[in-house]
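Structural features, examined
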Amino acid sequence: WVRQDGYNNMDASILKNFRFTEGSYFQLRFETFNTLNHPVFAAPAVSSATSSTFGLITAVTANSQPRQIQIGGRIVF
């Protein structure tokens, strides 16, 4: 990460427990990955100091993971 921006990522989840009895419950989960969907730019070109692209970022992004959302349920007994 010396020559490139740091990786900025945030995952989040919300869950709710619905109790059946004292020891069993149903858990409803809502989760997101890469929640803020920030781009991660590729490293700048540093192969030659005399190159016309020296220090320029020529690739759009280094990450190819879009925001992901999932909903799930779980029964605990």
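Throughout what follows, the structure given in this document is the object of discussion. Please read these numbers as outputs of a predicted model, since none were measured by experiment.

Time to look at the sheet that holds strand β3 (residues 68-76). Spatially, three strands are ordered β1-β2-β3 in an open sheet, and the strand pairing comes out antiparallel. Strands at the two margins of the open sheet, each flanked by one partner only, are β1 (12-19) and β3. Across the sheet, the mean angle separating the axes of adjacent strands is 15 degrees when strand polarity is ignored. In this structure, β1 lies alongside strand β2 (residues 25-33), joined through eight bridges in antiparallel fashion. Looking across to β2, one finds that Leu 15 is bridged to Arg 29.

As enumerated under the stated definition, the model contains one salt bridge in all. Linking Glu 31 and Arg 29 is a salt bridge whose minimum nitrogen-to-oxygen distance equals 2.7 Å.

Let's shift gears to a nonpolar patch on the surface. Among the surface-exposed residues, Ile 14, Phe 18, Leu 28, Phe 30, Ile 69 and Ile 71 lie close enough to one another that they form a single nonpolar patch of about 610 Å² accessible area. Of all the elements in the fold, those that place two or more residues in the nonpolar patch are β1, β2 and β3. Under the relative-accessibility criterion, Ile 14 is labelled exposed at 60%.

Attention now goes to the environment of Met 10. When you line up the elements, Met 10 lands in the segment before β1. Along the sequence, Met 10 and Phe 33 sit 23 residues apart, while their C-alpha atoms lie 6.8 Å from each other. With near-sequence residues (within four places) excluded, Met 10 lies in contact with Phe 33, Asn 34, Thr 35 and Leu 36.

Conventions we followed
- Residues numbered from 1 in each chain as written.
- Predicted model: local features only at pLDDT ≥ 70, side-chain atom pairs only at ≥ 80, totals over all residues.
- Heavy atoms only, no water.
- Pairing = 2+ DSSP bridges.
- Helix = DSSP H or I, 4+ residues; strand = E, 2+ residues; numbered from the N terminus.
- Axes fitted to C-alpha atoms, helices over the stretch in contact; angles between N-to-C directions.
- Salt bridge = Lys/Arg side-chain N within 4 Å of Asp/Glu carboxyl O.
- Patch = residues over 30% accessible without salt bridge, like charges linked within 9 Å, V, L, I, M, F, W, Y side chains within 5 Å.
- Areas by Shrake-Rupley, 256 points an atom, 1.4 Å probe, with all protein chains shown as cover.
- Buried < 20%, exposed > 50% of the residue type's maximum accessible area, 1.4 Å probe, protein only.
- Contact = heavy atoms within 4.5 Å.

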